[in-house]
Amino acid sequence: MADIAFRANAEDERIIRTALREGERPSDVLRRALRLMQREMWHDRLVSGTFRTIEGLPDEH
């Protein structure tokens, strides 16, 4: 996998420090945030009906 560069600004760093759990690194916080975004996108697709189209499910209108 390719490395992804991220240059955090002061606000990003503050958010990351606030979200750190014991024993975590900043990359763990970012990974957790990406998983939350993935779930949010999945939910948005489900609610909007786009998920049905993507997964080939019948439309229930």
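Residues numbered from 1 in each chain as written. Predicted model: local features only at pLDDT ≥ 70, side-chain atom pairs only at ≥ 80, totals over all residues. Heavy atoms only, no water.

### Examining the overall build of the chain
Counting its secondary structure elements, the chain contains three helices and zero strands. For the chain, the succession of helices and strands along the chain, N to C, is α-α-α. Residues classed as buried in the chain amount to 7% of the 61 residues present. A total accessible area of about 5800 Å² is found for the chain, and carbon and sulfur atoms account for 55% of it. (Helix = DSSP H or I, 4+ residues; strand = E, 2+ residues; numbered from the N terminus. Buried < 20%, exposed > 50% of the residue type's maximum accessible area, 1.4 Å probe, protein only. Areas by Shrake-Rupley, 256 points an atom, 1.4 Å probe, with all protein chains shown as cover.)

### Comments concerning the pattern of salt bridges
What the rule picks out here adds up to four salt bridges. We note a salt bridge from Arg14 to Glu11, for which the minimum N-O separation is 2.7 Å. One end of the pair is Arg14 and the other is Glu11, both in helix H1 (residues 10–19) and three residues apart, which spans about a single turn. Given the relative accessible area of 40%, Glu11 is considered partly exposed. For Arg32, the salt bridge is made with Glu24, and the minimal N-O distance between the two is 2.7 Å. A network of salt bridges, in which partner residues are shared, links Arg25, Asp28 and Arg31. (Salt bridge = Lys/Arg side-chain N within 4 Å of Asp/Glu carboxyl O.)

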